[in-house]
Amino acid sequence: MLQKDLLGIKEISVEDITLILETAAGFKDVLGRDIKKVPTLRGKTAVNLFFEPSTRTRTSFELAAIRLSTDVINFSVPTSSVVKGESLIDTALTVQALGADFIILRHPSAGVPHLLARKLRASVINAGDGANEHPTQALLDAFTIQEKKGGIEGLDIAIVGDIMHSRVAKSNIYSLTKLGAKIRLIGPPTLIPEEMKEIGVGVFHTMEKGLKDVDVVMMLRIQMERQGKGFFPSTEEYSKNWGLTPERLSLAKDDAIVMHPGPMNRGIEIASEIADGPQSVILEQVTNGLAVRMAVMYLLAGVKR
Amino acid sequence: MPKELLNKKDIDRALTRMAHEIIEKNKGIERVCLVGIQRGGVHLAKRLASNIRGIEKREMPVGSLDIAFYRDDLSIRKEQALVRKTDVPFEVTDLKIILVDDVLFTGRSIRAAMDALMDLGRPATIQLAVLIDRGHRELPIKADFVGKNIPTSMSENVEVQLEEDGLEDRVILEKIV
Amino acid sequence: MHILIEKGHIIDPSQGIDGIGNILIEDGKIKEVYIQSKEQKAKSKSSPPQPSPSMEEGLPPADRIINAKGMFVIPGLIDMHVHLREPGFEYKETIKTGTAAAIRGGFTTVCCMPNTFPVNDNASVTEFIIRKSLEGLCTVLPIGAITKGQKGEELVEMGTMKDEGCIAFSDDGLPVMNSLMMRRALEYSKAFNLPIISHCEDLTLSEDGVMSEGLLSMTLGLRGIPAEAEQIMVFRDILLAELTQGKLHIAHVSTKGSVKLIRDAKKRGVNVTAETCPHYFSLTEDAVKNYDTNAKVNPPLRTNKDIEAIKEGLKDGTIDVIATDHAPHHRDEKLKEFDLAPSGISGLETALGLSMRLVDEGVITINQLIEKMSVNPSRILGLCSPPSFFITGPKGTFAKGADADVAIIDTKKEFRVEASKFFSKGKNTPFDGWMLKGAPAITISKGRIYEWK
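No experiment lies behind these values; they were computed from the predicted model shown. (Residues numbered from 1 in each chain as written. Chains lettered and ligands numbered in written order. Predicted model: local features only at pLDDT ≥ 70, side-chain atom pairs only at ≥ 80, totals over all residues.)

Looking now at the interface of chain B and chain A. Each partner contributes residues to the interface: chain B has 14 residues there, and chain A has 13 residues. Class assignment of the residues belonging to the side of chain B that touches chain A gives a composition of six nonpolar, three polar and five charged. (Contact = placed C-beta atoms within 7 Å. Nonpolar A, V, L, I, M, F, W, Y, C, P; charged D, E, K, R; others polar.)

Next up on the list: the nonpolar core. Counting 160 residues, the largest nonpolar core has A:Ile103, A:Ile159, A:Val216, A:Val217 and A:Met297 as its most contacted members. In terms of residue count, helix H11 (residues 282–301) of chain A provides more of this core than any other element does, ten residues in total. Within the second largest apolar cluster, 109 residues are counted, among which are C:Val33, C:Val272, C:Val321 and C:Ala404. (Core = buried A, V, L, I, M, F, W, Y, C linked by C-beta atoms within 7 Å. Buried ≥ 20, exposed ≤ 12 C-beta atoms within 10 Å, placed from the backbone. Helix = DSSP H or I, 4+ residues; strand = E, 2+ residues; numbered from the N terminus.)

Glancing now at the environment of C:Leu358. Residues and elements named next belong to chain C. Considering the arrangement of structural elements, one finds Leu358 in helix H13 (residues 351–361). Taking the C-alpha atoms as reference, Leu358 lies 9.3 Å from Ser282; in sequence the two are 76 residues apart. Among residues more than four places away in sequence, those in contact with Leu358 are Phe281, Lys311, Leu314, Val363, Ile364 and Leu369.

What follows deals with the sheet that holds strand E3 (residues 62–65) of chain B. The strands that make up a sheet are held in pairs by hydrogen bonds between backbone atoms, and each pair lies either parallel or antiparallel. Residue and element names in this part refer to chain B. As summarised here, the arrangement of the five strands in space is E3-E2-E4-E5-E6, forming an open sheet in which the pairing is parallel. Of all strands in the sheet, those with a lone pairing partner are E3 and strand E6 (145–149), marking the two edges. Ignoring which end each strand starts from, the neighbouring axes of this sheet average 25° apart. As judged from the four bridges shared by strand E5 (residues 125–133) and E6, these two strands associate in the parallel manner. Its bridge partner lying in E6, Val130 is registered against Val146. The sheet contacts of helix H1 (residues 8–25) involve strand E4 (96–104), E5 and E6, and relative to E6 the element is tilted by about 150°. Against the sheet, helix H3 (residues 108–118) contacts strand E2 (32–37), E3, E4 and E5, and its axis sits at roughly 155° relative to E4. (Pairing = 2+ DSSP bridges. Axes fitted to C-alpha atoms, helices over the stretch in contact; angles between N-to-C directions.)

As a further point, take the domain arrangement of chain C. Residues and elements named next belong to chain C. For chain C, the domain assignment lists domain 1 (2–70) and domain 2 (77–380). Taken over C-alpha atoms, the centre of domain 1 sits 36 Å from the centre of domain 2. Facing four residues of domain 1, the contacting portion of domain 2 comprises five residues. A class-by-class count of the residues in the side of domain 1 that touches domain 2 yields two nonpolar, one polar and one charged. (Domains from an automatic or database assignment.)

What follows concerns helix H2 (residues 56–67) of chain A. Residue and element names in this part refer to chain A. If you check H2, its first and last C-alpha atoms are 16 Å apart, about what twelve residues at 1.5 Å a residue would give, namely 16 Å. Considered for burial, the residues of H2 that qualify are Thr57, Arg58, Ser60, Phe61, Ala64, Ala65 and Arg67. On the buried face of H2, the contacting elements are strand E1 (45–50), strand E2 (71–76), strand E3 (102–107), strand E4 (123–129) and H11. At the C-terminal side of H2, Ser69 shows a positive phi close to 70°. (Expected span 1.5 Å × (residues − 1).)

Another point: the interface of chain C and chain A. In many analyses, interface size is given as the accessible surface area lost on bringing the parts together. Residue-level contacts link 16 residues of chain C with 20 residues of chain A. Residue contributions to the side of chain C that touches chain A peak at four residues, all from helix H8 (residues 215–220) of chain C. Considering only residue class, the side of chain C that touches chain A consists of eight nonpolar, four polar and four charged.

Quick look at the structure:
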C-alpha cells in the first residue's frame, strides 16, 4: 500500500482492497488457532481516539491491535481534555507525543481523519467520520461476501435503509462497485440522495421491486433521531414498508446472504428470525472484522514514511 | 549475467542425499514431520518427503509455514511482506519437526519460523534442512542438513529456481546491482 | 503637496477618459488630468506629451513625480463588502491591518460590514469605527446593520447612523429572514436614500450546510446548501424592492439562477444592483475536495455552470460590482473540523489579480473592470458627489476636486500569491501559490504614496 493512512475507500485502489482481503485471510487463520496472537507489530502503540461513542468498533480495533502484540490506549472524548476545550489538533498532537504509531479515529465530522493524517506522522485509520466513510466496515463486508460467495464481481447486492446518513453504506457502495458488483439501494426517497443515480447504482423505493433475485441483502440500522427531522413519519411506517421480513427475503435468491453492520434493531429493520436464521452472516462479519482490522494495521505499518 | 551453480541433476542428487541423512540422523522417520518455510521451502519439503517415501516406503506428514507475521524487518523491507498460507495439518506438540528452506543466509527467517512453529505447539525437537547455505549468519543458527555450501559475498544473491514454479530446476548466483 | 503622475495609461470611465496622459494632484485632491491627444501622439512618438496650458503657467514644481509609463492609472478601487472585524474580533483583523491589506490590493476605500462585536447597530459603534478609521491607511466607510443586533426584529436608527457616517445598511453574515422586516427596511431607507444590501440565504434550507449541495457534497459526506437557498431570497428581495421602490443591492451573487432573476428584474425596471466576488468566478466546489477549510465560504463555491453565468452577468451588466467579501479568520480557527471551521476568504490582496483574468479571457474589458470595482460602487453608495458634511470627497473618479485615490497597475507583471506575506492578519485563502497578473505598483490614498515591489 502506498499511503500511510486508511482514510476511505475512495482513496484506495482495487489492488489495495485485494491485498487487504488476502492479508486478512492469513489473519483469520491465526484467529482460528489456540495462540491467537502474532508478534509482528510488537512495540508499536495504537490509540483509539473516539469522539463518538462506540463499543463494538472500538473493541474490535482494540482486540485487533492486541492480537498483533501492539500496545493499546483508549481515548474517549468525555474522559479526555477535549471536554475542557482543547482543540482537535492539540488533542491529536498530544496523542502523537505519547508515541502513537496508529491513531484509530472516529469523529462526527467528515474530513477529520484527512485533517489529522496531514498533520501527524502516525498512521490514521478512519473508524467513521460523520456521513463520509467507514472503510474497515466495508472491507470486512467485502471479505464476508467473498468468503461466502467465492467472489464479488457480477453479484447483485441490495443495501437497504438510511443511505443518506450512512457512512457504512457509502463505503460499501464505493468498494463493491470498484470490485465489480451491481448495487441496488432500497429505502424511502427522503433517505436516498438523488445524486446516487449519477454514480451508477440502482435506486428502488420498495422492497418488493428491489430485492428480486439479489445475492446479498445488506441491512442498515435505522436511527431513531432521523424520525424527528421529517425523514420518515414513524418507525412503524418504516418497518412496515422497508423492514426485512421472511416474505421479502424469499424474493431474493435462495442462497442469498443477509448482512448487518450492527447493532440491530430487531423487529424494526430486520425480523428476529432472519437475524438468527441460516442466511444471516451477521456474527461472521464480527469475526471477519477482527481479521480485516489486523490486516489493515499490519499493511499500514509496512508503508515507508 | 547469472551464473548457474547447480543444475537439475545436482539438485536431485543433493535432495536424495539429504533424504538419506534425515532418515539416518533420526533413526527412521517415526514421529518426524517436514515443514517447508514459505515460499522457498515448500516444494523442497514435498520433494524430500517424496524421496523419503521412496526409501522408507512410508508417508510422512508435510506442512507449510508462513512467517510473515513473525519477521523482525517489517519497517525496513523494500516491499510489503505478502502473507501466504500456513498449512500444518497435524499437531506439532511432541513431534520432531524438520524445517525446510531453500537458502540459509542471515538466519532471521529461521528464527521467525521457529517462533511461528512454537505458537502452534511444543515440538519435541526442531531440525533444519536447507538446499543452499550461503554463509553470513547474523544469528547463532546452524543447518542440520545442507545440500551445498556456497560461499558468497554481500553483493551477490543466490536464487533457487524450481519446476513447480514453471522454471527450470537450477540454482543461480547473481551480482546485485 | 503636489504629485504628478506622468506617462501612464489613464482610464476613468466616469468621465470617459481612456488614454496616455498626466494627472496632477494637489493637497489630496485631483487637480488636473491631461490626456495626450491623437495628433500629438502621432507627432511625438517618443517625446513626452506637451503639458496643457494651465500646467505650464506658474505651477510650483511637483514634490513628487511618478513615472507610470507602461502602466494603467485608475481611480482607487472601492470595495463595498469587507469585514474588518473591529470592534470585537481584533485577533482576526483590525481596521489598521485590514486597510493595509486593502491598499496593497489597490483599494483606497473600503466599506465595512456591521457584524462586529458589538454589532454596528447604533451611532456610538459607528462613531468608534469612524474614529478608528483615522489611523487606517485608506478611507473606511461603515455599513450599519439593518436590525438591532442583526436579530431581524427591530430596525436600527438609520437616520442617526447615517449622520454618524453609515453609507448603507446590511445584516450581512445573516439574511433578514422575516419578509415584513425586510419590507420595512426597504421602505424606511428611502427617507435617507441609502441602499439596503442583502445577504440572500434562506436559513431553513441552508441549515447546517457547509458546501454546495450536489454529488460532491454527498461523496464527501458533508451537508450541502442547495442553490435555491440563495435564489429564493434573491427573488423575495427583488419583489419587495419592486413593491417598496427601495434601493436594493444584492451581496455576493453565487448562482446561475440568481443572475437570471436579477437580469429579469432589471429588465422590468426594478431598482436593484448586484455584486459578486472573485472566488465565485475563479473556483468551483472542487476546491473543497480535500476538506480544505480555506475554500469554505458562504455562499459556498459552486459549479462551472454558475461560473459561466456569473461571467455572463458581469459581461452584460447584470452584475454591477466586484467586491471581495474580505473575511479574515485566525489560523487556529481554520485548522479545525470542516464542519466547525468558520466560512470566509481573505480576499483584498488577490481580488485585482483574479479579476484581471477576466480581462485576459475577454469576458470584460479593463474599462468595465474599473467600472465594476470603482465607478459603480461609488455610484451605488452615492460617493460620486457626497454631501458637504461628509468625511470624504468624491470617489471613483478623476473629476476635478475628487479625492486623490489612485491605483497604478502593472498588468504585465506576474506575481505568486503568498498568503504568509499578506498584510491582512487573515491568511485564509484557497489561492495561495497561484500565479496572477495585475498587482498595483503604487497606491495613493489619504495623501500618502505607497510603492510596492
